[in-house]
Amino acid sequence: MFSSLNNSFSKNKNLFVIVFGLLTLSFILTLSDVSITDLGSGPRAGAVGAIDGDLIERDAYDQLAEKESIIISLERKAIIELNNSNSAHIEAVLSQTAIDRKIQKDIAAGTYTAKEIDTEAMRKFADENKLTPEMIKIVRTRLGVGGQELDEAIKTILTRRNYFESFEDRVTVDEAQVKAKAQQQNSTITLQAKTLSATEAMDEKLVTYFKENQDKFTFDDTLAAQVVRFAKSPEGKTAAEAFAQAVAKVKASNFAAVAKSKKLDVITLPKTRVSNINAGQLIENDFALSTAIIELSSEKPFSQVIEGSQHNYVAVLTAKGGVLPFAQVREQVIEAYFGPEPLQAFYNNEDNKRQFLIPRSLQLSLVSLSPSTLYSEVAVSEEEIKADYDKNIAEYKAAQIKSTEYSITAKDDKSLAAAETALKAIKVLVDSQAKNLAEELKKNTDIKSSSTEWVKEDDNNKALFALNKGKSTDIIAKELVFSFTIVNDKRAETPYAEASKAISSSITHAKASTKARLAAEKLQSFISSNRANENFFNLFLAEAAKGKFTERKLRPLTPQSGSQQNMQLAMQLLQQGYTPPGGFSQEAFAQVGQMLSALSATRPLSDPSVTQNGDIQYLLVERETPSSYVSFENAKSSIAIQVANAEGKVLAKAKADALKLELEKAEDMAVFFKSNSFDAEQTLSPENKAQFTGLLSDEVLEKDSAYITASGNNSILAYIKKIEAGSEDKVKKSFETLMETEKSRLAYEKVNEVFKSIQDSVTVTSK
């Protein structure tokens with residue numbers, strides 16, 4: 001039903017929603033089959049907003065909202081009533097109305113010709129969206145509308161879809177450019193390149209600053225030490241004690257000489273600070289070693305034997321106080337180099353600040369009632385069992401069998417004969433009811449068996465019902481699989497004793513499910529009367545407990561919009577005992593996400609959901625933690641790295657630009673490539689093509705030309721040495737694909753412009 005344009009739309013969820021009339025306030029409403037009326041209705045006077053400055057009074061808005069309610073209900077197959085008090089509802093309705101006005105304006109201007117929407121198109125829409133007569137009846141009844149209003153709603157949906165899909169036909173594609181890209185896509189390209197690292201470019205500046213400002217990175221608690229490691233054993237400890245005694249007789253500067261005389265390796269530890277160790281950055285991840293080195297001093301530079309977690313050590317303090325190496329203080333150098341203002345500006349930027357957002361979270365309880373909880377409260381009489389048995393007598397009088405299938409899968413064509421022979425041997429044992437069958441099956445693990453309980457005849461097992469008890473089928477071969485089946489048992493009907501147990505269980509569950517629904521209806525009445533009570537949480541739990549509902553506290557969740565997030569939220573709930581009422585489809589998970597998005601401290605209770613098993617579930621908000629931001633101080637380290645990376649990217653690009661100018665003036669390319677440390681010549685292949693993706697998509701390359709492309713923060717200077725054309729068939733196929741992609745891209749840009757203009761044109765005055 002949708003064109004390839006829709007794939008582009010999927011990159012912008014808000015646009016996709018607007019385009020197809022699906023702005024259903026998923027972040028506020030649970031899109032269940034309920035009428036959302038508890039958000040209240042606002043005052044009647046005044047305008048709710050404006051479209052291009054044209055005020056929309058409440059009475060006019062109500063008519064528009066009624067129309068959009070029908071549209072959204074049809075699209076979602078759930079009753080959604082948009083009101084005039086919620087600003088998100090109002091914005092949605094006005095945005096959709098603005099789209100309708102834009103369509104009519106383009107028609108009047110002659111820039112768009114609308115397709116005629118006939119009965120067949122409307123019928124197709126109903127079929128594709130599975131709008132059953134029952135659903136249509138529910139929409140008409142709940143929203144109080146007639147067939148004419150429904151027809152108009154469907155026409156509006158199709159008009160909007162046709163309008164946005166038409167952009168693909170209204171864009172102009174540069175076919176020559178696309179053909180050049182198709183040729184390039186199928187060419188064999190040989191090049192030589194050099195990567196200009198953003199980190200290296202930035203570090204050149206930082207290292208210079210570090211050397212010129214070493215006083216800023218000099219600390220009194222800096223430690224420099226050396227150690228000799230010994231085995232973590234009694235012998236190792238003895239050797240360490242002997243070495244400790246030997247070095248205690250010399251100066252600290254002779255530590256390495258003594259170790260060398262005893263053929264021991266000296267390890268120079270990275271410089272560190274006492275404050276870093278105290279903060280948990282242990283030397284060699286060893287607490288005993290770290291503690292011992294902290295206690296060393298210029299007066300007592302040698303340690304005794306240090307019994308570490310992995311080794312025995314003897315250590316010497318070689319220096320205390322001083323400058324740490326650049327690599328260890330790079331973050332501090334960055335902060336000092338840039339100063340606080342750029343870091344604060346980065347943090348205050350709205351686009352950047354999103355990464356420091358701590359989403360709101362909900363502490364939820366799952367309040368549920370399973371019919372099984374009420375089994376003890378219901379009774380099933382013999383008369384009820386007999387009546388059900390008589391009513392379904394044909395089901396119980398049907399013949400049944402029990403069977404076992406034996407199979408083996410060959411590893412490949414060469415092993416087919418061996419696999420069939422092995423299964424034939426097992427078939428002999430099965431047919432003769434040999435006592436050593438189980439033992440032989442244990443020996444041959446490639447042969448699998450699968451048994452059934454009593455099953456009735458169907459199209460798949462008719463041949464088995466023709467066999468006598470204890471008889472088996474011939475071996476059947478299908479691709480690499482060989483199998484046969486034996487009939488273990490047969491009976492003409494289900495014994496009444498067995499049937500009565502199943503019937504009793506079924507009736508018990510049905511009665512308990514009815515009691516559960518009645519308990520839920522009673523609880524719903526309580527909710528309606530007490531929803532506004534400030535102690536609603538505790539009151540609801542107490543009332544639910546009276547109806548045998550149980551509470552399970554869940555781990556905190558962070559509702560967020562997006563299909564992937566909905567999937568994750570649904571899975572988190574599923575792991576904690578919640579069952580999605582719509583099953584385990586993507587649509588069901590989306591509804592769970594929408595339901596969670598609707599919950600808050602002011603709307604603390606979900607609508608009840610009923611699982612296929614009859615379990616009734618509520619989600620109850622115990623506590624809502626509003627969204628917040630990581631403080632600037634806590635974010636500063638991350639910000640400094642990002643600011644440095646951005647600056648490094650600029651510096652690397654500048655280096656690439658300068659080097660490109662030199663390359664274009666070079667007389668001897670080979671000498672230039674060697675003197676500037678270019679990588680070896682390479683031919684683009686699937687293995688190395690990824691780093692040149694930007695170059696291949698943004699440029700139409702020419703032989704003997706230099707280009708600059710970005711790879712992350714780095715810049716790559718590439719010189720094209722050879723281009724060998726690909727086959728015409730491949731070029732033609734690529735051209736067709738690229739033309740479709742380019743049409744969609746250009747159409748998306750146009751649609752996005754419309755969307756932005758719609759956003760700019762709509763204002764909401766009611767909050």
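Residues numbered from 1 in each chain as written. Predicted model: local features only at pLDDT ≥ 70, side-chain atom pairs only at ≥ 80, totals over all residues. Heavy atoms only, no water.

Draft legend 1. Unusual backbone geometry, seen in detail. One non-glycine residue with positive phi stands out, namely Lys 130, at about 55 degrees. Relative to the helices and strands, Lys 130 is located in the loop between α5 (119-128) and α6 (133-143). We note that Asp 704 has phi near 60 degrees; this positive angle belongs to a residue other than glycine. (Helix = DSSP H or I, 4+ residues; strand = E, 2+ residues; numbered from the N terminus.)

Draft legend 2. A look at the nonpolar core. Within the largest apolar cluster, 36 residues are counted, with the highest numbers of intra-cluster contacts made by Val 333, Ile 639, Leu 663 and Leu 717. At the level of elements, α10 (198-212), α15 (326-338), α16 (340-348), α27 (632-665), α28 (669-675) and β22 (714-724) are the ones that each hand at least two residues to this core. Ranked by residues supplied to this core, first place goes to α27 with 11 residues. In terms of nonpolar packing, the next biggest core, distinct from the first, is built from 29 residues, Phe 164, Val 173, Val 754 and Ile 758 among them. (Core = buried A, V, L, I, M, F, W, Y, C linked by side-chain atoms within 4.5 Å. Buried < 20%, exposed > 50% of the residue type's maximum accessible area, 1.4 Å probe, protein only.)

Draft legend 3. Representation of the packing of aromatic side chains. With the rule as written, the count across this model stands at 23 aromatic pairs. Ring geometry for Phe 164 against Phe 167: centres 6.2 Å apart, planes inclined by 20 degrees, an arrangement best described as stacked. In this pair, the class of Phe 164 matches that of Phe 167, namely buried. Between Tyr 406 and Phe 484, the aromatic rings sit 5.2 Å apart at their centres with planes inclined by 20 degrees, giving stacked as the arrangement. Of this pair, Tyr 406 sits in strand β11 (residues 400-409) while Phe 484 sits in strand β15 (residues 481-491), and the two are 78 residues apart along the sequence. One aromatic cluster is present, built from ring pairs that chain together Tyr 112, Tyr 163, Phe 164 and Phe 167. Seen from the ring of Phe 167, Arg 170 lies directly overhead, with NZ or CZ sitting 4.2 Å from the centre. Between Arg 273 and the ring centre of Phe 219, over which it is positioned, the NZ or CZ distance is 3.7 Å. (Phe/Tyr/Trp six-rings, centres within 6.5 Å; stacked < 30°, edge-to-face > 60°. Lys NZ or Arg CZ within 6 Å of the ring centre and 35° of its normal.)

Draft legend 4. Here's a closer look at the sheet that holds strand β23 (residues 762-764). Across the sheet, which stays open at both edges, the three strands sit in the order β2-β1-β23 with antiparallel pairing between neighbours. Lying at the two open borders of the sheet, with one neighbouring strand each, are β2 (54-57) and β23. In this sheet, adjacent strand axes meet at a mean angle of 25 degrees when their direction is disregarded. With four bridges connecting them, strand β1 (residues 47-51) and β2 associate as antiparallel partners. Residue Ile 51 lies in a different strand from β2, and its bridge partner there is Asp 54. (Pairing = 2+ DSSP bridges. Axes fitted to C-alpha atoms, helices over the stretch in contact; angles between N-to-C directions.)

Draft legend 5. Seen up close, the sheet that holds strand β18 (residues 616-625). If you walk across this open sheet you meet the four strands as β16-β10-β18-β17, and the pairing is antiparallel. The sheet is open, and its two edges are formed by β16 (550-553) and β17 (609-610), each paired on a single side. Where β17 meets β18, two bridges bridge the pair, whose relative direction is antiparallel. Each bridged residue has a counterpart across the sheet, and for Val 610 the counterpart in β18 is Ile 616. Contacts between helix α23 (residues 496-530) and the sheet are confined to β10 (361-369) and β18, with β18 contributing the most and set at about 35 degrees to the helix. (Contact = heavy atoms within 4.5 Å.)

Draft legend 6. Molecular detail of the pairing of β15. Sheet analysis places β11 next to β15, joined by 10 bridges and oriented antiparallel. Note on β15: the bridge partner recorded for Lys 402 is Asp 489. Pairing analysis gives three bridges linking strand β14 (residues 476-478) to β15, with the strands arranged antiparallel. In the strand pairing of β15, Ala 477 is matched with Phe 482.

Draft legend 7. Quick peek at the side chain of Glu 75. Tracing the backbone through its elements, the reader meets Glu 75 in helix α3 (residues 58-76). According to the relative accessible area criterion, Glu 75 is buried, its value standing at 9%. Within the structure, the side chain of Glu 75 is placed 3.0 Å from the side chain of Arg 161, a separation counted as a polar contact. (Polar contact = N/O pair within 3.5 Å; in protein donor to acceptor, adjacent residues only side chain to side chain.)

Draft legend 8. Expanded view of helix α20 (residues 416-431). Here α20 spans 22 Å end to end across 16 residues, near enough to the 22 Å set by a 1.5 Å rise per residue. Along α20, the positions that sit buried rather than exposed are Ala 419, Leu 423, Ile 426, Lys 427, Leu 429 and Val 430. The buried residues of α20 occupy one face: seen down the axis, they fall within an arc of 160 degrees. α20 presents Ala 417, Ala 418, Thr 421 and Val 428 as exposed residues on the side facing more than 90 degrees away from its buried surface. (Expected span 1.5 Å × (residues − 1). Arc of directions from axis to C-beta.)

Draft legend 9. Structural context of the environment of Asp 118. Looking at the secondary structure, you find Asp 118 in the loop between α4 (87-109) and α5. Overall, the relative accessible area of 39% leaves Asp 118 in the partly exposed class. For the pair Asp 118 and Lys 155, spaced 37 residues apart in sequence, the C-alpha separation works out to 8.8 Å. A distance of 2.8 Å separates a polar side-chain atom of Asp 118 from the backbone nitrogen of Ala 121.

Draft legend 10. Quick peek at the packing of α3 against α6. Remark: α3 packs on α6, axes separated minimally by 11 Å, with the N-to-C direction vectors making an angle of 155 degrees. Regarding the angle of α3 to α6, the classification is roughly antiparallel. Here α3 and α6 pass one another in a crossing that is right-handed. Judged by residue contacts, Ser 69, Ile 70, Ser 73 and Leu 74 of α3 engage Met 135, Ile 136, Val 139 and Leu 143 from α6. Classifying every residue of the contact of α3 with α6 by side-chain character gives six nonpolar, two polar and no charged. (Parallel < 35°, antiparallel > 145°, perpendicular 65-115°, else oblique. Left-handed = near helix turned anticlockwise from the far one by under 90°. Nonpolar A, V, L, I, M, F, W, Y, C, P; charged D, E, K, R; others polar.)

Draft legend 11. Structural context of the confidence of the model for the protein. Across the protein, the average pLDDT comes to 89, with 93% of residues at or above 70. Considering each helix and strand of the protein separately, the mean pLDDT is smallest for helix α1 (residues 5-9), with a value of 33, and largest for α10, with 97. The low-confidence segment residues 1-44 (pLDDT under 50) makes 130 contacts with residues lying over four places distant or belonging to another chain. (pLDDT = per-residue confidence, 0-100.)

Draft legend 12. Focus on the pattern of salt bridges. This model, assessed by the stated rule, comprises 40 salt bridges. For Glu 622, the salt bridge is made with Lys 553, and the minimal N-O distance between the two is 2.8 Å. With a gap of 69 residues between them, Glu 622 in strand β18 and Lys 553 in strand β16 connect regions that are remote in the sequence. In this structure Glu 622 comes out as partly exposed when scored by relative accessible area, which is 32%. Through salt bridges with shared partners, one network takes in Lys 67, Glu 68, Asp 100 and Arg 160. (Salt bridge = Lys/Arg side-chain N within 4 Å of Asp/Glu carboxyl O.)

Draft legend 13. Expanded view of the environment of Ser 275. Looking at where Ser 275 falls in the secondary structure, it is placed in helix α13 (residues 274-278). Expressed as a C-alpha distance, the spacing of Ser 275 and Asp 221, which sit 54 residues apart in the sequence, is 7.2 Å.

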